[in-house]
Each structure stands twice: as structure tokens, then as C-alpha cells.
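The primary structure of each chain is shown beneath.
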Amino acid sequence: MYRPTGPANLPHDVWTLIAGRTAAQSVRDLCSLRMLCTAARNVGDEDFVYRCANIPIWDQRWWSVSLMHQPGRNFLARCRQSGHLEVLFRSAVSDLFLGGCRFAGTETMHVVAAQGHSAAQYTVAMMLMLRDDAKSKNKGLQIFRGLEAAGVLTNCKLVFCGVVQGTWRHLRRLPRLDAENQVCSSHACPSRGNMGAIYRHQRYGREWDVNDDDGGAAHIPCVHCRADYELILFVHLFD
Ligand SMILES: [Zn+2]
């Protein structure tokens, strides 16, 4: 007679897969699953499962600030420990631009970017290009070129915006954009110095300005000028 396998007898790999998929759906469902049996409880505490967890931005914000929500804070800490890229990215944005520890934010952002998180790579590129020295600017430009070629800039800006928007305005540490300190330094470049005007023209009468595919500076042949345009957009993501 056919007897279905009891949940406790499922192979470990199958449990991991189930727990990972469940975590990707909802943290609440993961908690329910973990109460099912010992095997589920153990596998639910593995790094892989924490890395899969789907945590809406509002939950992360609430858990981070609410002293009442210790389980949420513990869960986030465990996600960070396991290397959950989205949670780490949001923490890094918060540290860098929303009143946290800037040094820790920079370090985390570089770690997340090195893991291939494109919004973190975008943030690193913008931060490097905003600096004064040519070496940092060039490094940032190389990352920017890669993101531009991959066609992921718009998505990076949307992800970044999603973390910044809805936060307290008075806590925001706006990146400083110095007009004298542009990426394009070629006096022979016909578009140099015109990015601010193009931005104002593009934005005129429009609500949303992160899209780089429908105009913007996409038609400008000079990549340094396109980078300058993106820096203007980046600073305005905080509006
Ligand atoms: Zn130029």
C-alpha cells in the first residue's frame, strides 16, 4: 500500500528548497513553516533561507526603528549576517544618506556592489564620481559605463529611490554636486556644461525624472557629459 512520506523524512535539500521558496513569499509564512516540525525549524535557520527572505521596505524601516519590534530586529540582524543583499543595500543607503554611520555605509555598499547588486554598483559609481580626485572619478565612470551598457540605470535609480523616498526629509544627507567639479573636463567637448540646462528642459512639466531611455542625455555622444547628467539626476532622487 502506498504511504506518503511524512514531512520529517524529507531529504534536507528538499526542506531547504521549500523553506527558501516560502521565505521568498513571506516572512510570516516562513515562521509558520518553522513551527511545523524540528526539521523545518532547523532548516529555517540556515543562511540560504535568510538570504531568500522577502522583506518589504516598509517592514524593514519599521523593524529597524521600533524598539517594540525585537523579533523583527533580530530577523533583520540575521539577514544581514547571512548576506541578504537587499537588506544590506538598504542599510548602507540609510547609513550613507539618512543619518547613519557614513563609514559603515561606504564599506557595506562596496561589499554589496562587489556581489553584483546593480543598485549598489550605481550608488558606488555616483559616490566616486562626486569626489574631487581624478582617480576616483575614473573608477566611478568605469562602473557607470558598465551599468549604462547593461541598460540597468533606470532600474537602479528606481531601487535607490524606493529606499530614500518616504523617509524623514530632515534626516537626509544630500550628496553635494559641485558645478566646478564636473566629470567632463574637456574644453573641446561641445556639450560640456550644458547638462543642467538639458535636465531642466527634460524635467519641465514632468513629475518623474529617472528615465534615461526617453530623452535625457542618452543622445549625447560624450560619456563624461552623460555621467554629469546622471549625477544631476542622482542628487534630485532625494527631492
Ligand atoms: Zn563632455
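Structure: above.
*Asks:* Is there a simple way to explain the overall build of the protein in this structure?
*Replies:* When helices and strands are tallied, the protein shows 13 helices and 0 strands. In sequence order, the protein lays out its α and β elements as α-α-α-α-α-α-α-α-α-α-α-α-α. Over its C-alpha atoms, taken along the principal directions, the protein stretches across nearly 80 × 40 × 35 Å. Contacts in the protein between residues far apart in sequence, at least 24 positions, make up 63% of those at least 6 positions apart.

*Asks:* Please clarify how the packing of helix H6 (residues 70-82) against helix H7 (residues 85-97) should be interpreted in this entry.
*Replies:* Angle between the axes and distance between the axes: these two values describe a pair of packed helices. Between H6 and H7, whose axes approach to 8 Å, the crossing angle comes to 105°. Judged by the angle between their axes, H6 and H7 are roughly perpendicular. Seen from H6, the contacting residues are Leu76, Cys79 and Arg80; seen from H7, they are Val87, Leu88 and Ser91. Taken together, the residues of the contact of H6 with H7 sort by class into 4 nonpolar, 1 polar and 1 charged.

*Asks:* Explain the environment of glutamate 230 to me, please; I cannot follow it from the model alone.
*Replies:* For glutamate 230, the location among the structural elements is in helix H13 (residues 223-236). Residue classification places glutamate 230 among the buried residues on the basis of 25 C-beta atoms within 10 Å. Each C-alpha atom, one on glutamate 230 and one on valine 152, is 13 Å from the other, the two residues being 78 residues apart in sequence.

Quick notes on the rules
- Residues numbered from 1 in each chain as written.
- Predicted model: local features only at pLDDT ≥ 70, side-chain atom pairs only at ≥ 80, totals over all residues.
- Helix = DSSP H or I, 4+ residues; strand = E, 2+ residues; numbered from the N terminus.
- Contact = placed C-beta atoms within 7 Å.
- Axes fitted to C-alpha atoms, helices over the stretch in contact; angles between N-to-C directions.
- Parallel < 35°, antiparallel > 145°, perpendicular 65-115°, else oblique.
- Nonpolar A, V, L, I, M, F, W, Y, C, P; charged D, E, K, R; others polar.
- Buried ≥ 20, exposed ≤ 12 C-beta atoms within 10 Å, placed from the backbone.

The values are spatial; any link to function lies outside them.
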